[in-house]
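# What the coordinates show
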Amino acid sequence: MQKLKERFNTLQPRERIIVIGGAILVLVTAVYVLGLAPLYAAVNAQAKRVEQKEGDLAWMRSVAGEVAMLSASTPSRPGPSNESMVVLIDRAARECGLASSLTGQTPNGEHGIRVRLEAAEFDKILVCLGTLQQVHAVDVESATIDRTGKPGLVNANLVLTRVSP
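Residues numbered from 1 in each chain as written. Predicted model: local features only at pLDDT ≥ 70, side-chain atom pairs only at ≥ 80, totals over all residues. Heavy atoms only, no water.

Next up on the list: unusual backbone geometry. With phi around 50°, Ala-119 is a residue other than glycine that occupies positive phi space. Structurally, the position occupied by Ala-119 is in strand β2 (residues 112-121). A relative accessible area of 42% places Ala-119 in the partly exposed class. Of note in the backbone geometry, Ala-137 takes a positive phi value of approximately 55° without being a glycine. A relative accessible area of 1% means that Ala-137 is categorised as buried. (Helix = DSSP H or I, 4+ residues; strand = E, 2+ residues; numbered from the N terminus. Buried < 20%, exposed > 50% of the residue type's maximum accessible area, 1.4 Å probe, protein only.)

Below, the structure is given as structure tokens:
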């Protein structure tokens, strides 16, 4: 460091100004490239995400009346089907696009089943559970859902029960 100071002090005043100006330029560029540019990119990405979510919310509000009307016109709860829970869950998983994530099914009592899903899309799980509840009178007794390393994918342990036939 001392050699650097000596070398700097031996420079002409004009050369010192050029070296200081270059150092300031390098410092400003480094701050921008390493700090500000990633920050601006993250802010812009979040702004786009918020804009998309606001669009989704506006669409949901526009169809809320239709959903309420359809909900009022459908029966509140259908009767259970006569399929075994294992067959029902397997078929529902295939229909919902979760067949590859379904890693285990174990009967749980007379009208229940334990289900294990690994690396399953969270949104698809919710849609599938909603369908099972509305169409087949299957309720979620308990659920343990853990996120994975990939966004949107979860591991889930579910205990499902159905109203006895």
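On we go.
What follows covers the pairing of strand β4 (residues 153-162). Extensive coverage of β4 is indicated by the burial of seven of its ten residues. Pairing between β2 and β4: eight bridges, direction antiparallel. In the strand pairing of β4, Ala-120 is matched with Val-154. Pairing of strand β3 (residues 138-147) with β4 involves nine bridges; the strand directions are antiparallel. Looking at β4, one finds that Ala-143 is bridged to Leu-158. What sits between β3 and β4 in their antiparallel hairpin is a turn of five residues, with Gly-152 showing a positive phi close to 90°. (Pairing = 2+ DSSP bridges.)

Further remarks concern the side chain of Ser-101. The residue Ser-101 is located in the loop between α3 (85-96) and β1 (102-107) in this model. Judged by relative accessible area, Ser-101 falls into the buried class, the value being 7%.

One pass over the structure, following the stated rule, counts four salt bridges. Among the ionic pairs, Asp-90 bridges to Arg-94, the shortest N-O distance being 3.2 Å. With Asp-90 and Arg-94 both in helix α3 and four residues apart, this pair spans about one turn of that helix. Residue class for Asp-90 comes out partly exposed when judged on its relative accessible area of 32%. We note a salt bridge from Arg-91 to Glu-95, for which the minimum N-O separation is 3.2 Å. Note that Arg-91 and Glu-95 are positioned in helix α3 at a spacing of four residues, about one turn of the helix. With relative accessibility at 58%, the residue Glu-95 sits in the exposed group. (Salt bridge = Lys/Arg side-chain N within 4 Å of Asp/Glu carboxyl O.)

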